[in-house]
Amino acid sequence: MSATNISLRLLGNDTGARVFLAAIIALTVLVPILNVAVPPDSPFHVPTYAVSLFGKYLCFALLALSVDLIWGFCGILSLGHGAFFAIGGYAIGMYMMREIGPRGVYGHPELPDFMVFLNWTELPWFWLGFDMFWFAAAMVVVAPGLLAFVFGWLAFRSRVSGVYFSIISQAMTYALMLAFFRNDMGFGGNNGLTDFKDILGFNLQANATRITLFVFSGVALIGAFALCRFIVASKMGRVLIAIRDAEARARFVGYRTDMYKLFVFSVSAVLAGIAGALYVPQVGIINPGEFSPLKSIEIVVWVALGGRGTLYGAVLGAISVNALKSYFTALAPEIWLFLLGGLFVLVTVALPRGLVGLRGQLARRRANSGALKPKLAERDPAS
Amino acid sequence: MNFIRTFLAGLLVVLAAAMATPAPVSAGELEDRVKALDAKNFAGKGKAIEALEALADPAALPVLRAMQEGLLFREKATKRIVIGVKAARSFEIFDALSGEALGVVKKRKLKKISVNNRLRGRLRLAIGALALTSGDAAARSSAAKALVKDADPTILPALDRALAREQEVEVAAVMGVARAAIQAKGGEKSARLAAISALEGVLDREVMVVLGTLSQAANEPDAEIRALATETLAATEASGRYYGMLETLFFGVSLGSVLLLAAIGLAITFGVMGVINMAHGEMIMLGAYTTYVIQQVFPGAIEYSLAIAVPVAFLVSGAVGVVLERSVIRFLYGRPLETLLATFGISLVLQQAVRSIFSPLNRSVITPDWMSGALEVNAALSLTYNRLTIIIFTFVLLLMIAALLRYSSFGLRMRAVTQNRAMASAMGIRTNWVDALTFGFGSGIAGIAGVALSQLTNVGPNLGQQYIVDSFMVVVFGGVGNIWGTTLGAMTLGIANKVMEPWSGAVLGKILILVFIILFIQKRPSGMFALKGRAAEN
Amino acid sequence: MQGKTILGMATAAATFGFAVTAMAADTIKVGVLHSLSGTMAISETTLKDTVLMLVEEQNKKGGVLGKKLEAVVVDPASDWPLFAEKARELLEVHKVDVVFGNWTSVSRKSVLPVIEELNGLLFYPVQYEGEESSKNVFYTGAAPNQQAIPAVDYLMDQGIQRWVLAGTDYVYPRTTNKILESYLKTKGVAAEDIMINYTPFGHSDWQTIVSDIKSFGAAGKKTAVVSTINGDANVPFYKELGNQGIKAEDIPVVAFSVGEEELSGIDTAPLVGHLAAWNYFMSADAEVNEDFIAKWHAFIKDEKRVTNDPMEAHYIGFNMWVKAVEKSGTTDVDTVRSAMYGITYPNLTGGVAVMNTNHHLTKPVLIGEIQSDGQFETVWQTPGGVIGDAWTDFLPDSARIVADWTAPITCGNFNIDTGKCSGQNY
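On a predicted model such as this, the values are computed, not experimentally measured, just so you know.

The interface of chain C with chain B comprises 53 residues on the first partner and 54 residues on the second. The contact between chain C and chain B buries some 4,200 Å² in all, and 43% of this surface belongs to carbon and sulfur atoms. Three residues stand out in chain C for area buried against chain B, namely Gln207(C), Asn243(C) and Glu249(C), and they jointly supply 15% of the buried area on that side. On the surface where chain C and chain B come into contact, there are 4 salt bridges. One can count 10 residue pairs in polar contact (both at pLDDT 80 or more) joining chain C with chain B. Taken together, the elements giving at least two residues each to the side of chain C that touches chain B come down to α2 (41–60), α5 (148–157), α7 (207–216), α8 (234–243) and β15 (376–381) of chain C. The biggest single contributor to the side of chain C that touches chain B is α7(C), with 6 residues. Considered class by class, the residues forming the side of chain C that touches chain B number 17 nonpolar, 21 polar and 15 charged.

All names here are of chain B. Where helix α16 (residues 409–419) is concerned, the buried positions are Gly411, Met414 and Val417. In an axial view of α16, the angular spread of the buried residues amounts to 130 degrees, which keeps them on one side of the axis. For α16, exposure combined with an orientation more than 90 degrees from the buried face picks out Leu412 and Gln419. One side-chain oxygen of the residue at the start of α16 lies 3.4 Å from the amide nitrogen of Phe410, identifying that residue as Ser408.

Counting residues at the interface gives 56 residues for chain A and 53 residues for chain C. Regarding the contact of chain A and chain C, the summed buried area is about 4,800 Å², with carbon and sulfur atoms giving 61% of it. Of all residues in chain A, the largest losses of buried area upon contact with chain C belong to Tyr49(A), Tyr106(A) and Phe117(A), amounting jointly to 14% of the total for that side. At the surface where chain A touches chain C, the tally comes to 4 salt bridges. Summed over the shared surface of chain A and chain C, the result is 13 residue pairs in polar contact (both at pLDDT 80 or more). Mapped onto the side of chain A that touches chain C, the elements with two or more residues apiece are α2 (15–36), α3 (48–74), α5 (113–117), α11 (257–283), α13 (312–331) and α14 (336–350) of chain A. Of the residues forming the side of chain A that touches chain C, the biggest block, 10 residues, is contributed by α13(A).

Below, the discussion takes up the domain arrangement of chain A. Residue and element names in this part refer to chain A. Each domain of chain A was delimited in the assignment, giving domain 1 (3–315) and domain 2 (352–383). The C-alpha centroid of domain 2 is placed 41 Å from the C-alpha centroid of domain 1. Facing 8 residues of domain 1, the contacting portion of domain 2 comprises 5 residues. Approximately 380 Å² of surface area, both sides summed, lies buried where domain 1 meets domain 2, with 59% of it carried by carbon and sulfur atoms. Scanning the region where domain 1 abuts domain 2 turns up 0 salt bridges. In this assembly, domain 1 and domain 2 are joined by 3 residue pairs in polar contact (both at pLDDT 80 or more). Elements supplying a minimum of two residues to the side of domain 1 that touches domain 2: α12 (293–306) and α13. Tallying contributions element by element places α12 first for the side of domain 1 that touches domain 2, with 3 residues. Looking at the side of domain 1 that touches domain 2 residue by residue, the class counts come to 3 nonpolar, 5 polar and no charged.

Take the packing of helix α3 (residues 42–54) of chain B against helix α5 (residues 117–131) of chain B next. Pairs of packed helices are described in terms of their axes, by the angle between the two and the distance that separates them. Residue and element names in this part refer to chain B. The contact between α3 and α5 brings their axes to 10 Å, and the two run at 5 degrees. Of the possible angle classes, the one that applies to α3 and α5 is roughly parallel. Residues Phe42, Lys45, Gly46, Ile49, Glu50 and Glu53 of α3 form the contact with α5, whose participating residues are Leu119, Arg122, Leu123, Leu125, Ala126, Ala129 and Leu130. Taken together, the residues of the contact of α3 with α5 sort by class into 8 nonpolar, 1 polar and 4 charged.

What counts and what doesn't
- Residues numbered from 1 in each chain as written.
- Chains lettered and ligands numbered in written order.
- Predicted model: local features only at pLDDT ≥ 70, side-chain atom pairs only at ≥ 80, totals over all residues.
- Heavy atoms only, no water.
- Contact = heavy atoms within 4.5 Å.
- Buried area = accessible area lost by both parts, 1.4 Å probe.
- Salt bridge = Lys/Arg side-chain N within 4 Å of Asp/Glu carboxyl O.
- Polar contact = N/O pair within 3.5 Å; in protein donor to acceptor, adjacent residues only side chain to side chain.
- Helix = DSSP H or I, 4+ residues; strand = E, 2+ residues; numbered from the N terminus.
- Nonpolar A, V, L, I, M, F, W, Y, C, P; charged D, E, K, R; others polar.
- Buried < 20%, exposed > 50% of the residue type's maximum accessible area, 1.4 Å probe, protein only.
- Arc of directions from axis to C-beta.
- Domains from an automatic or database assignment.
- Axes fitted to C-alpha atoms, helices over the stretch in contact; angles between N-to-C directions.
- Parallel < 35°, antiparallel > 145°, perpendicular 65-115°, else oblique.

Dropping the structure here:
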């Protein structure tokens, strides 16, 4: 298969996707250059503050992408995707806690500070292995994937679907949130994991580390986008869309719809886990708040706002909502919730296909208003 | 039985006791001792209270009561001890002993005679001793109860006098128990043993405290008394355990009815209409704020405020619901998941609106007197009035909703539209308006729930968020679109939670419940009561 | 086209950043990092207003060093990672000279690396669990030895022998209860006379726990509840206490997180006599306090608003900072920081607060009983100030650590056994 062939397969004749890919690649390449190579007093300089901010947006974008894969293409609305994101984050966070080693405030050679403080005498079994990066990295993929597999297997096998699925996925993340809040669980309770020092020996506060993490986030997003495109463009993607549109029919035709759903749900969870793992080192904290049901709803809102079922719409939604949030919380702290809430309502009512649907909607309206006149003319030739 | 026995035993002792009445007190001495209450420190005040109590003059009662409630002041100019009652920004003052009105003064003219917890306990005892022979039956009964825990045998003569004079059998029984409990604490050994046996089966916590104290080696040197106390306590606790189970059940039903209240509006908007209404919690919040506003507008009618608030909250939340339906939700029918997005936006807006109007602070909603306190079934089982009221209220509300849906023409139309919109429309039902009214109805019910919840929890901008997740769980667990399912779901979850809480702890209990719901949905993918027929496929 | 939108948004965000940095530097900027939305808005909005009031006051007096102060308010929305982002924004984009902010421990932990990396200056106004002393943070709230221990001492003096330690399950109650448990045991309280209970955030159904407390208190010894229950969960807790007939004379509850503001949302009639331990009560009998309350009412335009302990902490912190800046003639963080040590400022209860070299204040401890009007009446108070102890002496691991940011130690966690500083980023 030649390179053009692959790109054709991935992008099809979808201009939106092409422009999107170009933009993300440009962003991934340009931001580091503008940060490092351009002097700070130049108007083109991107401050470090912006680099980590954009890095955070990219992680959210990846998370939104994972939700769009299942919601937009398979009709599975998960209100618990924040859980996979958080688990990925915890996995890498545990690694970074172990990296601190004896440099904690109590100077314990092995135990993180919060464990010393809460009278743990030895590392609980589920923290073993996290001193090795490869193990933590594997866990970033395995833990959310496995949880999604088990949860999905239970749910899809017994044909739990629609809002029922949404609500029990919410119950799952809610239960996990309560569990992680418990200090007895050994994950740092409400404070979660913080005060990370370095990752793979690189200081997290160094500019180079930040840029690297940013680039990794960009690359992960591009890679995930390619993977999702590959899945939805394949034969399997057709089946997924068939399940989305008429699950019973797809099942009657002979497809094991539960297996398809299970597969795509697990892939999506893994992507969310990776997003979490990239997010945590950039913001420096992971705590049970990420499990909160409201956060998961927010993710769905990003996707719906950007436009579901397009993949790049989800990315656009995640980035624009979060950019607006950053902007409004500084500019208009007292009223930003009015603006954000109002925007959600407006977009849902006025733009059912999200921001990416805007262009098509406008085009259709233009076409309609153009098409209307001749019809009227036909009906009443005299006027 | 035991009460009577103790009573008779007490009576015998009383007859034997000399009926010495205290010598009349000179007015001057009483006044001096009242003045002494304004001592510099708490220890001094404690002594003064004892001195005043020793006079055994009922005239001191109002003074002691005022002191306990923090209403006793010294007028700075005249150094008189006065009782002050707050009136607007100043105080209306009365002479402490004569009760003569002395006019209205500014707060800074008065110095409060402060008390702390230890003094309050001391005062309660003193008031108890004095009130034994005066006041109405309830006052005498509570005075006797107050003596059980703290009093020592020196009070026995006064108690005996009171017992001898007592006409009401019930009050006398309480006094008899108090007498036995006090007697058990010290004195002649055989009398103590008799007193302890007489206490068997008395479920009063204070009595159990007395027995508990006596059963510990640190407090009681005599092994025989210790053994008897332990035995008696064990026997009493055994009968208490049965009531403990009833109490847990009550807690469970009470939690269940709170869940039901929160969820029942959602059962209509989500269950019947298919709107994933994330703003449901905010409708509850609006109802709670309505209660607050009503109490602010009618400060004189706190006792009736809830009765006024129920219909008003229904109208407020219902009107907001209708407006929402007409302006936003009607464009989203057939796209249930998108109603989630829009209503989530609405919930953010409503929260912030409340924050802007009422400030982000919690608002204080006053509990009317008739909802405070507890109904004492017996000493071991008391049902708090606010919970009891809410349970009854919930079920009345539930019946009314069910009747409305079943028998009214609105209910008929509503059911018709949900079952077959096209057909209903063809029959001439204005489906638009039915939709709007149904949504308004569900929201209004949420508003009523808010009135009830304002009595249990914070009234603040985050009120709604606390209940939204739980409400969805209840509706889904019970089966979407079925009000009886919702009811049974709420009760099951409430009781299961409370039964598990003592051994699993509050957090783990809740987690287990959630896991249970997840697993249950696997077994019955459409909840306990699934709608039958084609509807289930959607 | 969509891609362009993203790029456009990115450039817009970036230019927004430049626009702000390019602003003239003839004011001294004061960052305010308190949540104005989300769950913590209840408590934190008041503190934002307090800082704004203090800034306005100072500007009326002519500002600092001849420059006006300018408050920069952002909303971290009770979202912990957002706290870190906003702190970075304040320091990097707005270039503020000092930050007043945070309420919860987790938000402080989230902000800490950013403040340390960019060498900012944070004033943290809330009572907290201790076990921390950062070079860049001044802790103006109470450490455990300025709240919990004196309260327990007071109750012991009142004859309490049996203890319920009830708290919300997060780090502050866990720490406080651990310290108290160890402290009580050194005072000869037996293990079976201590009951420890944790509940989740926002716990609203207290029936079972209150009933347990009732039985625990029925064992013949005088019992008290030490409550580190947080925020929203308090109202249903107190309501349940009242309804189950537990009076302060029987089982007093002493709370460390319930102040005037929390009480303003509760009908306090059934709570009279329950206690709280703070470093400040609105009812404090002092000229400065009445002055402060009058100014607060004028600023907020509401006679009914109350003042509370964290507000006093900001009041002290802000004025100490102003004093330190004027003393050092610059807002440079390191200079101001050294100028802060030993600086004194009258507190609102009539004494004087001192900033110590471990970045904690010396403050008096007051025990108050709740009155029916929602105020506290002071029933006991330490004779002088208590020095805030960053590392408690009642836990073996932390007893070995001291904090002193002046030579020769110059460190927030100096281990006296090994003679080394551990866990330092710098």
